[in-house]
Structures are given as C-alpha cells and as structure tokens.
Amino acid sequence: MGKKKTEKINPGLCSLSQLCGLIKEYIVPFEDVAEFIEDKMYARCLSGECSKAIQELTRLADFFERMPDKNEENCRDLAKVYILIGEVHQYVRQFPESIDWFKKAAVVFDRYAAPYHNLATSYAEMGDSENAIRCLEQEIALEPGNYFSILRLVDLYEQEGKFDTAEEYL
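The sections below set out a description of the structure shown in this document. (Residues numbered from 1 in each chain as written. Predicted model: local features only at pLDDT ≥ 70, side-chain atom pairs only at ≥ 80, totals over all residues. Heavy atoms only, no water.)

### Let's talk about the packing of helix α7 (residues 114-125) against helix α8 (residues 129-142)
Item 1. The N-to-C vectors of α7 and α8 enclose an angle of 165 degrees; their axes lie 8 Å apart at closest approach. In terms of orientation, α7 lies roughly antiparallel with respect to α8. Crossing handedness for the pair α7 and α8: left-handed. On α8, the residues touching Tyr116, His117, Leu119, Ala120, Tyr123 and Ala124 of α7 are Asn131, Ala132, Arg134, Cys135, Leu136, Gln138, Glu139 and Leu142. (Axes fitted to C-alpha atoms, helices over the stretch in contact; angles between N-to-C directions. Helix = DSSP H or I, 4+ residues; strand = E, 2+ residues; numbered from the N terminus. Parallel < 35°, antiparallel > 145°, perpendicular 65-115°, else oblique. Left-handed = near helix turned anticlockwise from the far one by under 90°. Contact = heavy atoms within 4.5 Å.)

### Section: helix α3 (residues 30-46)
Item 1. The end-to-end C-alpha distance of α3, which contains 17 residues, comes to 23 Å, matching closely the 24 Å that a straight helix rising 1.5 Å per residue would cover.
Item 2. Looking only at α3, the buried set comprises Phe30, Val33, Ala34, Ile37, Met41 and Cys45.
Item 3. Along its buried surface, α3 packs onto α2 (16-24), α4 (50-66) and α5 (72-91).
Item 4. Looking one or two residues past α3, Gly48 carries a phi angle of roughly 80 degrees, positive in sign. (Expected span 1.5 Å × (residues − 1). Buried < 20%, exposed > 50% of the residue type's maximum accessible area, 1.4 Å probe, protein only.)

### What about unusual backbone geometry?
Item 1. A positive phi angle is found at Asp69, which is not glycine, with a value near 50 degrees.
Item 2. Note that Asp69 resides in the loop between α4 and α5.
Item 3. Its relative accessible area of 77% is what places Asp69 among the exposed residues.
Item 4. In this structure, Arg93 is a non-glycine residue whose phi angle is positive, near 65 degrees.
Item 5. Relative to the elements of secondary structure, Arg93 occurs in the loop between α5 and α6 (95-108).

So, in structure tokens, the structure goes:
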C-alpha cells in the first residue's frame, strides 16, 4: 500500500513544506526527494524567503534529531539537512551561522567530505585562510580524488606563501 501511495506523488509539484512533511510522515525517504528539497530551498531564497526555507529545514532537522535508533543512513540524511541550512546561510552571507551548521553536519556524519568543503568556503569568505586550509585538508583526506578542492587548497597555500606545501599537493 505504501508503494502505491508514493507512486502517486510528484515531488516536483510539491512545496518545500510538503516535501518535508512527506519525509516526516515516513511516506518517502529523504534521499528520494533530496534534490527536489534543494531546488525548492533555492527557489525560496531567490524569491527572498530564505528565513522560511531555514524554518522548514530546521523542522526537518528536528525530526531527524529526535528519531530514535538512528542508523547510518539517517545520520547521513541529517548531515545533508544541516548542510542545506548552512548553504542558505552562506547564500545570504551569514558565514558564522553557516559554519555552525556545517560543523554540526561534520559531527553527525564524520566520514562525509561535503561539510568540510562548505566549511572551507565560509572560512575563506571570512578571510580565515588557516581554517579554510584545515577544512580542505580534511575534505581531501576523506575524498582524495577531488581535484577541484586540491586546486583550491593549493591557491590558499600560495596566498599564505607556503609554496613548498602547495607544490606537494600538486
């Protein structure tokens, strides 16, 4: 019966609130609608409703936080929601707030490279090269093949005058 119920749902036609509700009611798994949630989140931001997007995503995070007996997938989903909230804060240039959310994501799912990438971006935007470098190093340790991040790291090393270290990464 649950399968038939989900077949009738078109996530593209749902609002951000509806999508979050479907997850909280255990009708669809987060992963099945994650891209739609991200699209709806950015649409809200583009229309000047970033705070409403944050409210919806925070309620979704609360749902995952209160979930009893979380498994690895639930923790990863919670980390992704935290990252989305952090990205909204980044979008409106609230970098300290974004850092708080990205750090939470890194704690919840410590083998996930994305929080470190986003942390590096926020730190770099704030002019904190030392922490940006540290985060990129952690991201690369978790995901060694990410050449974009390696190039960002090399740029930061060069800005800091650490040419030997930059060369090692290349």
